[in-house]
Amino acid sequence: MNRSGLIPALEPAAGCAGSAIVRLQNLGEAAEFRYRSVHLNGLPRTAALLAAFVSLAGCVSQDEAELVRQPNVLFISLDDMNDWVEPLAGHPQAVTPNLDRFARSGVTFTRNYAPSPGCNPSRSATLTGLHTITSGMYSNYQDWREVPKLQQVQTIGQHFRGSGYYTAGAGKIFHYQQVDEAGWDDYYPSILNPMPQDDFPAERPASMPPFQYMYNMFDWGPLDIADEETADYESVEYISRQLERDHEKPFFLAAGIYRPHLPWHVPQEYFDRFPLDQIRKPDVLDSDLDDLGPVAKELIARGGDYHQHVVEAGEWEKAIQGYLASIAYADAMLGRLLDALESSPYADNTIVVIWSDHGWQLGEKQHWRKFALWENVIRTVMMMRVPEGIEKMPLGSARGVATDNLTSLLDIYPTLADLCNLTPRDDFDGISLRSMLADPEEAVPRSVITTYDYSSYSVRYENWHYIRYIDDSEELYDLESDSEEWHNLAEDPQHADTKTRLGAFVPVDAVDLPEESLLPLMEHHVPPFRSREYFLSAERREWMKRFGGSKP
């Protein structure tokens, strides 16, 4: 099959049919002939299958030695990017041409979910292959390296490196300074100092007036510098130089693009794309909090009620402008990476994965930041492209197709381990998406779990979203009819059976949070739910008094 997806000539190449037939028999499962109508311009499935066989028969005798057993991997992480990107259509003003062009060449997972709405637990789960409920790594305020169960598994970098790959990275992959020293041959700026110096305006804060217990990076505003002077550019440039090198081994290159994480300070040109007087705020419902329980309201009020302060300061539109500008900047950095790959010798033998650790809210449900279980916090970017000529997928992934199957960031590691023939692991909490990459339109029924701290759960199943908090308060939404999650159906007797059905997916044997992994809290931090006893304790109640708002 050619790259456009058009059907190739049906005659086998001269002089090679016999050996091709033998090779086809030997390919077995590796060929994964799931290339349905999605791959071959609407042909019936039988015809598509036949065309795939004949096409492979016509070329395999010459190319069989070139099937790549261990393809290269370009692994691109974005930070705090919600669905405000063109392929996911989360905001009508989003400008992400490079994510859009990548979507046309690979598979977009439109209903993909984070293991956690916090950077640290989401990234550690994604990069170790173990869900929070398996490891006990629930909170930003833990060190994943001190979690006993995570000390017993290989990280994705360690696994690739131990399987003969050259591994190098730049920028934020694991959570800030919680680096994976054994996972890398090289890192920029260094293995122990994984992130270039961030960029700030001369005067701070640039926009948001500080309030008590505010996260000190909660700010936005343009920078009078060029892209080449920014931190993410440094990371991208390092990975781009790696793509220019001659490599004796297959490589695993990890690029951590920090934006759109706070603070939203990027060059002026990106702000200029979003005139302030044209900014569109999210749709909100004045009575949206009326049907929420006490834990949900605590999440909204955490840190001193960000929404109230943003609105009172007249900064809502400016904040949205800053977020959109930061997304556009991150997309431009992504474009540089894609250009570097396309102009390199590795364009045709490199798997590309693009992902973000979780989403974000900018006033929906009167909530800001992450750290919640609603749809636009836990739903996040994940896209993949597998080139042709890979042993496990000779025809490569589907091109320009979006799947609405439910997936998780936990699926990235097992998928790459499968496609790259890494030493097998039998303890992954995610699944390999190899079959789905070949046929994204084939339905794969599944539930996906996200946790907030210990013992608060989101369950996504079919069109339903069920949330159960640590105090057993509940939310239930039909996302087909209520995409904004304005109408909590948990107390509606008509949906009792649905709530029971989804409740059965809630874990009953989640691992406790290991106390030895906890980090000291700063004044603006909200103590993690580390047990039911602690959640109800006088110690926690006393700490939470500083923030006001509703508390259990």
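The structure displayed is predicted, hence computed values, not measured ones. (Residues numbered from 1 in each chain as written. Predicted model: local features only at pLDDT ≥ 70, side-chain atom pairs only at ≥ 80, totals over all residues. Heavy atoms only, no water.)

Draft legend 1. Molecular detail of the packing of aromatic side chains. Tallied over the full model, the rule gives 26 aromatic pairs. Ring centres of Tyr452 and Phe529 lie 5.3 Å apart, and the angle between their planes is 80°; on these two criteria the pair is classed as edge-to-face. Linking Tyr452 in the loop between strand E11 (447–451) and strand E12 (457–461) with Phe529 in the loop between helix H14 (496–503) and helix H15 (532–535), this pair joins segments that are 77 residues apart in sequence. By way of ring pairs, the aromatic residues Trp84, Phe211, Phe218, Trp220, Trp264, Tyr306, Tyr323, Trp360 and Trp368 are connected into one cluster. Across the ring face of Tyr166, the terminal group of Arg245 is positioned such that the distance to the ring centre comes to 5.1 Å. Positioned over the ring face of Trp543 is Arg546, at 3.8 Å from the centre of the ring. (Phe/Tyr/Trp six-rings, centres within 6.5 Å; stacked < 30°, edge-to-face > 60°. Helix = DSSP H or I, 4+ residues; strand = E, 2+ residues; numbered from the N terminus. Lys NZ or Arg CZ within 6 Å of the ring centre and 35° of its normal.)

Draft legend 2. Structural detail: the environment of His525. Structurally, the position occupied by His525 is in the loop between H14 and H15. Note: C-alpha distance between His525 and Tyr213 (312 residues apart in sequence) is 8.1 Å. Not counting chain neighbours up to four residues away, the residues in contact with His525 comprise Tyr141, Pro520, Trp543 and Phe547. Within polar-contact distance, the side chain of His525 engages the backbone nitrogen of Met522 at 2.9 Å. (Contact = heavy atoms within 4.5 Å. Polar contact = N/O pair within 3.5 Å; in protein donor to acceptor, adjacent residues only side chain to side chain.)

Draft legend 3. Focus on the pairing of E12. With respect to burial, E12 is a largely interior element, five of its five residues being buried. Of the two faces of E12, the one carrying Tyr457, Val459 and Tyr461 and the one carrying Ser458 and Arg460 are both buried. Sheet analysis places E11 next to E12, joined by five bridges and oriented antiparallel. Looking at the pairing, Val448 lines up with Arg460 of E12. (Buried < 20%, exposed > 50% of the residue type's maximum accessible area, 1.4 Å probe, protein only. Pairing = 2+ DSSP bridges.)

Draft legend 4. Region of the structure containing empty space enclosed by the protein. In total, this model carries four cavities of 30 Å³ or more according to the counting rule given. If you add up the space inside the largest cavity, you get close to 90 Å³. For the largest cavity, the lining is made up of 15 residues, of which Ser139, Asn140, Phe371, Tyr452 and Asp453 are closest to its centre. The class makeup of the residues in the lining of the largest cavity is nine nonpolar, four polar and two charged. In this structure, the second largest cavity spans a volume of roughly 60 Å³. (1 Å grid on protein atoms, 1.4 Å probe; cavity = no way out; pocket = protein on both sides within 12 Å on 5 of 7 lines; lining within 4 Å. Points joined across faces, edges and corners; volume = space filled by probe spheres on them. Nonpolar A, V, L, I, M, F, W, Y, C, P; charged D, E, K, R; others polar.)

Draft legend 5. Geometry of the environment of Pro520. Mapped onto the elements, Pro520 comes out in the loop between H14 and H15. Residue classification places Pro520 among the exposed positions, given a relative accessible area of 72%.

Draft legend 6. Quick look at the nonpolar core. Core analysis: the largest hydrophobic core is formed by 62 residues, its most contacted members being Phe218, Ile257, Ile354 and Trp368. Here the element with the most residues in this core is helix H10 (residues 316–342); it accounts for 16 residues. For Phe218, the residues in contact, after removing those within four places along its chain, are Met208, Leu262, Tyr306, Val310, Trp360, Trp368 and Arg369. Counting 44 residues, the second largest nonpolar core, distinct from the first, contains Phe75, Met137, Val147 and Val353. (Core = buried A, V, L, I, M, F, W, Y, C linked by side-chain atoms within 4.5 Å.)

Draft legend 7. Structural detail: helix H9 (residues 294–312). Helix geometry: H9 is bent most strongly at Gly303, by close to 90°. Taken together, the buried positions of H9 are Val295, Ala296, Glu298, Leu299, Ile300, Ala301, Arg302, Gly303, Gly304, Tyr306, His307 and Val310. Contacts from the buried residues of H9 go to H10, strand E8 (368–369), strand E14 (474–478), H15 and helix H16 (538–544). Taken from the residues just after H9, Gly314 is the one with a positive phi, measuring 65°. (Bend = angle between axes of the 7 residues up to and from the residue.)

Draft legend 8. View of unusual backbone geometry. For the bond from Arg204 to Pro205, the omega torsion is 0°, close enough to zero to count as cis. As for its position among the elements, Pro205 is in the loop between strand E4 (186–188) and helix H7 (231–244). The omega torsion across Leu262 and Pro263 is -5°, close enough to zero to call that bond cis. Inspection of the secondary structure assignment puts Pro263 in the loop between strand E5 (251–257) and helix H8 (268–272). The backbone phi angle of Ser455 is positive, close to 70°, even though this residue is not glycine. Along the chain, Ser455 turns up in the loop between E11 and E12. Although it is not a glycine, Glu485 sits at a positive phi angle of roughly 55°.

Draft legend 9. Highlighting the layout of surface pockets. Considered as a void within the structure, the largest pocket measures approximately 590 Å³ in volume. Taken together, 28 residues form the lining of the largest pocket, with Asp83, Gly90, Asn376, Ser483 and Glu484 sitting closest to its centre. Partitioning the lining of the largest pocket into residue classes produces eight nonpolar, six polar and 14 charged. Computed from the structure, the second largest pocket encloses a volume of approximately 470 Å³. In terms of lining residues, the second largest pocket is bounded by 23 residues, among which Tyr141, Tyr215, Met522, His524 and His525 are the most central.

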